Amino acid sequence: MGPKNQEKMILIADSGSTKTDWAVLGAPGRSSVRIATQGINPLLFTDDQIDGVFRQELLPRLDEAGVPASEVSEVAFYGAGCTPQQSPRVAMLLSTLFPSAETFAESDLLGAARAVLGREQGIACILGTGANSCVYDGDRITAHIPPLGYVLGDEGSGAVLGRNFLNGILKGWLPATLRDEFFAESGQSYDDIIQRVYRQPLANRYLATIVPFIHQRIDEPSLRQLVADNFEAFFRYNVLRYATPLRRMACVGGMAAPFQTILSEVASRHDFELVRVMRSPIEGLMTFHRP
C-alpha cells in the first residue's frame, strides 16, 4: 500500500468482444494512463481465459506505465456480456489481481450511459457494430428493450446497415454503380459475400466493415436514405417503445459518430434532442469517475 496521502488511483475499462480500452486516473506524476488489451466477454470466455488476459496483457502494461497493481484503489469494469449473472465473475477475478481495490463490473450499456450523460437523465444508446438503448436516471438503467442481435433486431447498427446495403446491391434496388464500386474496392464477389455471411464466424463484424464504404459516399442520395431508414427503424422499434417523457438522448459508437447529422435529423423528427455523441465511451467514463 502507498502512503495515506497518495492520490486515489482508479482503473477504468470499456470492454467489447474485440478490444478493451483501459484508463488509470491518478497515476503517479500523470493525470491519466491509457492502454489497450484484447476484448473480454464473460459470455464467451472461461475464468481461465479472462484471468489470462488480465495477467498476460493488463498487468505487464500497467507495470510498464508505472502503475503498481497493489496501489490501485478502485476498478470500474464496463463490458459486453457483463450481465447480472456474469458480472460477479469478472469482479471476483479483478479482485484477486488488485487486492487493495474495490472492484465492480457492469454492462457496456451502463458504461455508455454514464459516459455520454454523466449524472443527467436521458435515453442512452450504443450505435456501433450492434445497437442497444436504455432509459437512464443519472446513475442506473431504469428501462431497457433487448436489442436481439443483428438477425432478430439491432436496428440502427453497423451490422444491419451493412446487411441492408448488400441486400440492395445484390437485389438491384441500389444503383448498379455502387455494386460495381463495392466489388472493385473490396475485391469481393457475390460468392465471397455469401461465404463471409453464412459460412464464416462473426458475420456481424463483417457486415459492419461496410460502414466506411457507405460513409465515404454519403452524398449519394440512396445511401443517405439507407442510413436514415436504419435510424428510423432504431427509433420505431426501440426508442419510441419507452414509456418516458424524457426527450434528451445521447449516443456512443461507430455508427452514431460518423452519421451524427443524419441521426440528429431523425431524432428531431421524433421530438428528441441529440445532446451528445461520442465514438468511444472511455473519455466520458474518465470524466464520470474522476475524483
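Quantities reported herein were computed from a predicted structural model and do not represent experimental measurements.

Asks: If you had to explain the pairing of strand β5 (residues 102-107) to someone new, which residues and values would you point to?
Replies: For a regular strand, the rule is simple: side chains alternate between the two faces of the sheet. Of the strand pairs in this sheet, strand β4 (residues 74-79) and β5 are connected by 6 bridges, and their pairing is parallel. Residue pairing for β5: A76 is matched across the bridge by F104.

Asks: Could you give an account of the packing of aromatic side chains, with specific residues and numbers?
Replies: What the rule picks out here adds up to 8 aromatic pairs. Where W22 meets F54, the ring centres are 6.1 Å apart and the plane angle is 80°; that geometry is what we call edge-to-face. Of this pair, W22 sits in strand β2 (residues 19-25) while F54 sits in helix α1 (residues 47-64), and the two are 32 residues apart along the sequence. Judged by its relative accessible area of 0%, F54 falls in the buried class. Grouped by ring-pair contacts, the aromatic residues W22, F54 and F77 constitute a single cluster. The ring of F288 has R119 lying over it, and the distance from NZ or CZ to the ring centre is 3.9 Å. Sitting over the ring of F213, R217 keeps its end group 3.7 Å from the ring centre.

The rules we used
- By convention here, each chain's residues receive numbers from 1 onward along its written sequence.
- This being a predicted model, a pLDDT of at least 70 is required before a residue's local features are given, and a value of 80 or more before pairs of side-chain atoms are given or counted; all residues contribute to the totals for chains, interfaces and linings.
- In computing side-chain properties, one takes all heavy atoms of the structure into account and sets aside hydrogens as well as water.
- Whether two strands pair comes down to DSSP finding at least two bridges between them.
- Secondary structure elements are defined from DSSP: runs of H or I of at least 4 residues count as helices, runs of E of at least 2 residues count as strands, and each element is numbered from the N terminus.
- Two aromatic rings from Phe, Tyr or Trp, using only the six-membered ring of Trp, form a pair when their centres are within 6.5 Å; if the ring planes differ by under 30 degrees the pair is stacked, by over 60 it is edge-to-face, and anything between is tilted.
- Under the scheme applied here, a residue whose accessible area is under 20% of the maximum for its type counts as buried, over 50% as exposed, and between as partly exposed, the area being computed with a 1.4 Å probe on protein chains only.
- For a ring to carry a charge above it, either NZ of a lysine or CZ of an arginine must fall within 6 Å of the ring centroid while also lying within 35 degrees of the normal to the ring plane.

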